[in-house]
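Structural overview
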Amino acid sequence: DSKPVIFSGMQPSSDSLQLGNYIGALSQWTKMQEDYDAIFCVVNLHAITVPQDPAELVERTRRTAAQYIAAGIDPDKSTLFIQSHVPAHAELAWVLNTITGFGEASRMTQFKDKSQKNGADAASVGLFTYPVLMAADILLYQAESVPVGEDQRQHVELTRDLATRFNSRFGETFVLPEAQIPKTVAKIYDLQNPLAKMSKSAETEAGLIKVLDPAKVTTKKIMRAVTDDDNEIRFDRAAKPGVSNLLTIFSVLAERSVESIEEEFAGLGYGHLKKAVAEVVEGALAPVRERTDELMADPAELDRLLARGADRASEIATNTLNLVYDRVGL
Ligand code: ADP
Ligand code: NA
């Protein structure tokens, strides 16, 4: 069919996705799969650019795929697969490595941030060329659009540069993709540090809402969320980041305007708001948790769905890779 192609993926880098992934990625993807030829990947080759426990990685990879499906990615409508099941990703990444400038790769701010954290010697060359593998992920499917967070914009720009360079050196081959960063999609912040985005790689978990955590754990975290002293329920990102974050979570998940929530809770304390937020979060995450458990309890069915996704992805990816090898003289 002639729907535009989108590609997106997440790393299986944690035992559970977090609320920001659910709101900022999975829920958006679920809506997009109607209007796009959507390709969703669990990017486990990216995950090994930092040390991983092998048995844990296997489990997290499956669990991440299960959460995609549980959150609404329909394997009949979209192509859903595990990156390492399609060897063309690593193969195209190698070819793209050979047309990427060392200085160009060195300018990627995410690598600079990540490698500075632990020192340059602790960072692998794989982490350094991570954006090139990401370019391969996108270009293999001739994706026109890449729904990502703001922090991935530079990597999509690199992808465009590499595609343009390849096309001009070897002949028209790749579609130039664009980052799709919707301004209207809410950003969720850490409950304990509402100036930092919620992230599954956060150093402490006290401010992290995990999709697969039991309701009790999540409710406790929300009840302990950092707020402020004036006990006024009002949205103000700059002056009241903690309260504003709670209002955002409530508003997005209950599909209500922030104003209507401010009105409902006017004069009531933060405890009331937090309790209501906890209920709304549980209402959204409980079905995802239950469906994930069901999928994890039937490994044969999950394997079948993922193998089918890999077959579909392979067909497209292999076509692109064959063309690339041909153009390059391999
Ligand atoms: P994490 O920081 O949890 O590892 P990633 O950086 O892998 O998450 O992000 C995967 C996708 O999830 C992003 O492209 C973005 O769309 C979404 N996302 C992640 N964190 C948030 C957040 N705090 N608020 C909104 N969306 C988020
Ligand atoms: Na991350």
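Residues numbered from 1 in each chain as written. Chains lettered and ligands numbered in written order. Predicted model: local features only at pLDDT ≥ 70, side-chain atom pairs only at ≥ 80, totals over all residues. Heavy atoms only, no water.

Thoughts on the nonpolar core
Quick note on the threshold: Only buried Ala, Val, Leu, Ile, Met, Phe, Trp, Tyr and Cys residues count toward a nonpolar core, and they belong to the same one when joined by side-chain atoms within 4.5 Å. Burial here depends on accessible area, computed with a 1.4 Å probe over protein chains only, as a share of the maximum for the residue type. Under 20% is buried, over 50% is exposed, and the range in between is partly exposed. The secondary structure listing takes helices from DSSP runs of H or I that are at least 4 residues long and strands from runs of E that are at least 2 residues long, numbered from the N terminus. Note on contacts: a residue pair qualifies if any of its non-hydrogen atoms lie within 4.5 Å across the two residues.
Leu19, Tyr22, Tyr68, Ile209, Ile249, Leu253 and Leu273 are the most contacted members of the largest nonpolar core, which has 56 residues in total. With 12 residues, the single largest contributor to this core is helix H13 (residues 270-296). Residues contacting isoleucine 249, with those up to four places away along its chain left out, are Leu19, Ile188, Leu191, Ile209, Val277 and Val281. By size, the runner-up hydrophobic cluster in this structure holds 44 residues, among which are Val5, Cys41, Met134 and Ile138.

Thoughts on the layout of surface pockets
We count it as follows: Lining residues are defined by having an atom within 4 Å of a point belonging to a cavity or pocket. Those points lie on a 1 Å grid over the protein atoms alone, cavities being sets where a 1.4 Å probe fits but cannot get out and pockets being open sets with protein on both sides within 12 Å along at least five of seven lines. Grid points are joined across faces, edges and corners, and a volume is the space filled by probe spheres set on the points. Polar here means any residue other than Ala, Val, Leu, Ile, Met, Phe, Trp, Tyr, Cys and Pro, which are nonpolar, and Asp, Glu, Lys and Arg, which are charged; Gly is therefore polar.
Here the second largest pocket is characterised by a volume of approximately 240 Å³. Considering the residues around the second largest pocket, the lining is formed by Tyr22, Ile23, Ser27, Gln28, Lys31, Val185, Ala186, Val252, Leu253, Glu255 and Ala284. Counting only elements with at least two residues in the lining of the second largest pocket, the list comes to helix H1 (19-32) and helix H11 (241-254). When its residues are assigned to classes, the lining of the second largest pocket shows 7 nonpolar, 2 polar and 2 charged.

Quick look at the packing of helix H3 (residues 54-70) against helix H14 (residues 299-328)
The following threshold applies: Think of each axis as a best-fit line through the C-alpha atoms, taken over the contacting stretch in the case of a helix, with angles from 0 to 180 degrees between the N-to-C directions. Angular relationships are summarised with four words: roughly parallel below 35 degrees, roughly antiparallel beyond 145, roughly perpendicular across 65 to 115, and oblique for the angles in between.
Contact geometry of H3 with H14 gives a least axis separation of 11 Å together with a crossing angle of 80°. Overall, the two elements H3 and H14 adopt an arrangement that is roughly perpendicular. For the pair formed by H3 and H14, the contact residues are Arg62, Ala65, Ala66 and Ile69 on the first element and Pro299, Leu302, Asp303, Leu305 and Leu306 on the second. Considered class by class, the residues forming the contact of H3 with H14 number 7 nonpolar, no polar and 2 charged.

Side note on empty space enclosed by the protein
Scanning all chains against the criterion turns up 1 cavity of 30 Å³ or more. By volume, the largest cavity is sized at about 40 Å³. Together, Gln110, Phe111, Lys114, Leu127, Tyr130, Pro131 and His155 line the largest cavity. Contributions of two or more residues to the lining of the largest cavity are made by helix H6 (109-118) and helix H8 (130-140). The element best represented in the lining of the largest cavity is H6, accounting for 3 residues. Residue composition of the lining of the largest cavity, by class: 4 nonpolar, 2 polar and 1 charged.

With respect to the UniProt feature "binding site: L-tryptophan" (unreviewed entry) in the protein chain
The condition is simple: UniProt positions are given in the numbering used here, feature names are shortened, and annotations may be inferred rather than shown by experiment. N or O atoms within 3.5 Å of each other form a polar contact, as long as, within protein, one can give a hydrogen and the other can take it, and as long as residues adjacent in sequence are counted only when both atoms are side-chain atoms.
Here the UniProt-annotated "binding site: L-tryptophan" (unreviewed entry) positions come out as Asp137. Checked against the element boundaries, aspartate 137 lands in helix H8. Judged by its relative accessible area of 2%, aspartate 137 falls in the buried class. In this structure, aspartate 137 is in contact with Phe7, Val43, His46, Gln83 and His89, ignoring residues within four places of it in sequence. Polar contacts involving the side chain of aspartate 137 include one to the side chain of glutamine 83, which spans 2.9 Å.

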